[in-house]
Structures are given as C-alpha cells and as structure tokens.
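Below are the chains, spelled out letter by letter.
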Amino acid sequence: MNNTVTRRILLFVLLILVQVLILNHIHLFGYATPLLYVAFVLKTRRNFPRWAILLISFTLGAIIDLFSNTTGVAMGSLTLIGLIQPPLLEIFVPRDSAEDLEPSMKTLGVNKFIFFTILIVFIFCLCFFTLETFNFFNWIKWLECVGGSTVFTVVLILVLENMRKR
Amino acid sequence: MKNLLDFLARYNHWLLFIILEVASFVLLFQFNNYQGSVWFTSANAVSGKVFEISSHIEQFFALTKVNQELTQRNLQLEQQVQTLTNTLQQRASDSILLKSRQFQPLANYRLIPAKVVSNTVNRRDNFITIDKGAQDGIKKDMGVVSGNGVVGIVYLVSDHYSIILPVLNSQSNISCTIRGRGYFGYLHWTGGAIHLAYVDDIPRHAHFKLYDQVVTSGYSSVFPPGVIVGKILHVYNSSDGLSYRLNVKLSTDFANLRDVCVIDNTAMAERIRIMQAATDSIKEREE
C-alpha cells in the first residue's frame, strides 16, 4: 500500500517535470504538443474514491497551468477527465476482474486499452484546445491542434506502456 | 432535509466536480483582467526557480551561438560608430560641445540586465518570464530590449520574477517611427509568423522607402527614442484607406531570446517630478 502511494507521488512529480521542461517545448509541425500528464488520471485504479480523483486531477491541472501560463485551461479540462474516467473504465474492464485493477495493456487487453486511451486523450485534447482558443477561433488551427496532439499523446502513452510491460 | 443530505452524500463527486470546474473557469476568464494574479502564473517563486535552473542548463549549450551573435552585432555597431563619427566631424567644428551632447540622452536611463527563464512564441498571446523582479527595481510598464532590438513591456512583477508582454502578443502596442523620416505609428502583431509584425496609422502623405529601419519613437517614457524594431518589408493600405500599414521584419529573434535589458526610466521621471516641484514652490513664493 505504502509502496504504491510513494510510487504514485513520484510519478506525479516526474510527469509534471517532464511535461513542463521538455514536452511543452515540442510543437511537431507547429501544432502537435504531447500532453502526457493526462496519463496520470488515465491510469487511476478502478473503484478509487471519485472525489479523490477529482481533487488530484484538479491539482495536477493547476500545477501544469502554473508553469505554462495557461491559467484555468488544463485545470478545467483535466477535472472533466477525472469525472468521466471511472464510468468509461467500467465499460472496458473484462468480466470478473480484480476490484482495484489498474488499467494497462495486461489487465484490459491490448485492443481495449488502446481504444480506452484514444477516447480519454481525445476528449482531453478537445476540451484543452477549445478552452485555449476561446477568444480567437480559427477552425483549421483548432482541428490541427486537437488531432495532432491526440495522436502524439496516444502514441507516447502506448510506447511508454509497452516499454513498462517488458 | 434528510433526503437532501442523502442526495449530497450519493452524488458528492458531482458537487465537487461543479465546484472545481467553476473555480477553473473563473480563473480562466478573469486572468487577463486580474493584475494581482502573479500567483497563478510562472512569475511565482516556485515555478520561477524551476525555470531558472532549467534555463541555466539550456544557456550553457547556447553559449556558442550567443557569442557569435554578439560578435557580429559588435562589428556592425563599431562600423556604424565609425561612419557616424566621421560624418559628425565633417559637419561640426566644435568637438568638445559635440562630445558632451552625445552622451546626454543616455544618462537618463539605467539598464537592468536580466535572463529569460521561460518564453513562448507559438500562441496568439505569448508571455516571457525573466529572473528579475520588484527587488531588483523592476516596475510595471518598463521597456525591455535585447541586443538585437525591442522585446516588450513589463506586465506583471513579483519579488524576484516578472512577466513581459512581448511584441508577439495581440495586446502589445508600441509607438514607433521610421528612422530619419519622423512619421510615427503603432506596432501590432496579429499572430502567425514570429518575425513579422505590422505598424499601423502611418499617414498617407508619408515618404519612405522599403527596407527603411523602424525604431521606437520615444514619445512615451517607456522606450528611449531610436531602439531598433525592424525594417519595412511591404506597404499595404489600411482597411479604412486612411493610412498605410507597414509589414515589418522584426530584428529581435524571439524564438532564441536569452539575455535582455530592462530600461529603468525612473531617473527621468524623478527629474521631471522634481522640476515640477521646484517650479511650483517658486510660484508660491511669488504669490
């Protein structure tokens, strides 16, 4: 128990540092920025208290905002992800699986996990870039940002997941 | 009442969700008007420190490039000084008067060197964070320049860090003029390419050539006159047809900004204020 909590906290700090110091500076083709920190909420265990997920995702979003000068944007969209992650996960878990299962390629199966990741990341990117471009709406740029970042983030999460599996 | 409590107990996460979302939306929409929001941006101490460490490391790898640029700029300036002194000596016979006049305007400004710790160029409203703040004498609305030209204006100040509103921000509005021609206009940026900006409100009767240099006008107390902004690439008519709109190639490379200088104009403001006080007191005595 204690071990998992420490690991989660370490992962929390690590994800923030990686996002703020490295990933925020990547703009592939001018629009695709990987938003890796969503993986932290995505990997929350089944039956984790829902208020705790909401508070954690809100805090994570707030810290990311603080570092990238996008006050409120990551906060709002990540809180939404914290709300929809448990019901979405329920759809994907196989029957008679552990009560506190952690979503991963092993527990969900490769196909289901990929689909789950795409869904979560897509909803997150959609919210994030909609909020970010609120006062300056440019359809093409918005679509490019949502699409590019979704693909980039999903690929990154899957690659990391695959490396961990071995 | 019991029903209500049951309802809240069962759906407490919805309630929490709504509270958190409202909080983030309030922050999102109020940030631009809320001057005291230093805490929620990268001007606060914790994030400033992290960015400072990371930029120290990055700086080390950029040193060669910076050195090259500085040497180039130095050569250019030396040449310029040479030609200018030559022309001046030809024109004026009294060299002592000349020297005392030359250094007068610069004496009013103090330059505070600062390092960029965080910078964006890919949004419509970009911000730059620097590692000097109120304790180093920086105040809101001071001008910021780099070795290559104008950068922006100080927007938010905390104790050790401050945020700059650079030219690459839709809210930026810097008064500038065409060197040697005198007509002035306002520098705006409309998003997109980070080396192109527009100067609006140049009058229709103005005479100038393409590739003329655009410099700050010095009409406000933010920038001294003559800081380089860029050079004219194209001339368009403004949408109402009453003035020209100049497409300007910015001389500052915002994507590669490390060292900047904040222009402290308090000395000049102070001088004006004390002059004012002196004239006022004399008037009182006369009456």
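Model, not experiment: these values are computed from the prediction. (Residues numbered from 1 in each chain as written. Chains lettered and ligands numbered in written order. Predicted model: local features only at pLDDT ≥ 70, side-chain atom pairs only at ≥ 80, totals over all residues. Heavy atoms only, no water.)

## Examining the packing of helix α3 (residues 50–68) of chain A against helix α4 (residues 73–92) of chain A
Residue and element names in this part refer to chain A. What counts here: Orientation is described by axes fitted as lines to C-alpha atoms, over the contacting stretch for helices, and by angles from 0 to 180 degrees between their N-to-C directions. Numbering of helices and strands runs from the N terminus; a helix is a DSSP stretch of H or I covering at least four residues, while a strand is a stretch of E covering at least two. Convention used here: angles under 35 degrees read as roughly parallel, angles over 145 as roughly antiparallel, angles from 65 to 115 as roughly perpendicular, and any remaining angle as oblique. Crossing handedness is read from the near helix: turned anticlockwise from the far helix by less than a right angle, it gives a left-handed crossing, and turned clockwise, a right-handed one. By definition in these notes, contact holds between two residues if any of their heavy atoms fall within 4.5 Å. Under the scheme applied, nonpolar residues are Ala, Val, Leu, Ile, Met, Phe, Trp, Tyr, Cys and Pro; charged residues are Asp, Glu, Lys and Arg; polar residues are all the others, including Gly.
Following both chains from N to C, one finds α3 and α4 inclined at 155 degrees, their axes separated by 7 Å at the closest point. Taken as axis vectors, α3 and α4 run roughly antiparallel relative to one another. Our pair here, α3 against α4, has a crossing hand that is right-handed. Between α3, through R50, I53, L54, S57, F58, L60, G61, A62, I64 and D65, and α4, the contact on the second element is made entirely by V73, A74, M75, L78, T79, G82, L83, Q85, P86 and P87. Looking at side-chain class alone, the contact of α3 with α4 contains 13 nonpolar, five polar and two charged residues.

## Brief notes about the side chain of B:T252
Residue and element names in this part refer to chain B. For clarity, the threshold we go by: Any pair of nitrogen or oxygen atoms within 3.5 Å is treated as a polar contact; in protein, a donor-acceptor pairing is required on top of that, and neighbouring residues in sequence qualify only through side-chain atoms on both sides.
With respect to the secondary-structure elements, T252 resides in the loop between β11 (243–250) and β12 (259–264). Looking at T252, its side chain comes within polar contact range of the main-chain oxygen of V150, at 2.8 Å. The residues touching T252, leaving out its near neighbours within four places in the chain, are S146, N148, G149, V150, V151 and L257.

## As for the pairing of β12(B)
Residue and element names in this part refer to chain B. Applied cut-off: When DSSP finds at least two bridges between two strands, those strands are taken to pair.
Sheet topology places strand β1 (residues 110–119) next to β12; six bridges connect them, and they run antiparallel. When the bridges of β12 are listed, I112 appears paired with V262. Where strand β3 (residues 143–146) lies against β12, four bridges are found, and the strand directions are antiparallel. In the strand pairing of β12, V144 is matched with V262.

## Observations regarding helix α3 (residues 45–91) of chain B
Quick reminder of the rule: What a helix is expected to span follows from its residue count: subtract one and scale by 1.5 Å. Throughout, bend refers to the angle between the axes fitted to the seven residues that end at a position and the seven residues that start at it. When accessible area is computed with a 1.4 Å probe and restricted to protein chains, residues below 20% of their type maximum are described as buried, those above 50% as exposed, and intermediate ones as partly exposed.
End to end, α3(B) covers just 54 Å across 47 residues, shorter than the expected 69 Å (1.5 Å per residue, more than 12% under). Helix geometry: α3(B) is bent most strongly at B:A62, by close to 55 degrees. When we look at burial in α3(B), the residues that qualify are B:S47, B:G48, B:F51, B:E52, B:S54, B:S55, B:Q59, B:A62 and B:R73. Buried positions along α3(B) lie against α1 (2–21) and α3 of chain A together with β1 and β10 (228–237) of chain B.

## What about the confidence of the model for chain A?
Just so we agree on the cut-off: Per-residue confidence from the predictor is reported as pLDDT, a score between 0 and 100.
On average, chain A scores 84 in pLDDT, and the residues at 70 or more come to 96%. Predicted confidence in chain A is weakest over helix α5 (residues 105–108) of chain A, with a mean pLDDT of 80, and strongest over helix α6 (residues 110–132) of chain A, with 88.

## Thoughts on the pattern of salt bridges
Residues and elements named next belong to chain B. What counts, and what does not: Salt bridge, as used here: a side-chain nitrogen of Lys or Arg that lies within 4 Å of a carboxyl oxygen of Asp or Glu.
Scanning all chains against the criterion turns up 10 salt bridges over all chains. One salt bridge in this structure joins D259 and K115, with 3.7 Å as the shortest N-O distance. Of this pair, D259 sits in strand β12 while K115 sits in strand β1; the two residues are 144 residues apart in sequence, bridging distant segments of the chain. Here D200 makes a salt bridge to R245, at a shortest N to O gap of 2.8 Å.

## Section: the UniProt feature "transmembrane region" (unreviewed entry) in chain A
We count it as follows: UniProt positions are given in the numbering used here, feature names are shortened, and annotations may be inferred rather than shown by experiment.
In this structure's numbering, the residues bearing the UniProt feature "transmembrane region" (unreviewed entry) are residues 12–39, 51–68, 113–134 and 140–160 of chain A. Measuring from the first to the last C-alpha atom of residues 12–39 of chain A gives 10 Å, for a span that is 43% helix and 0% strand.

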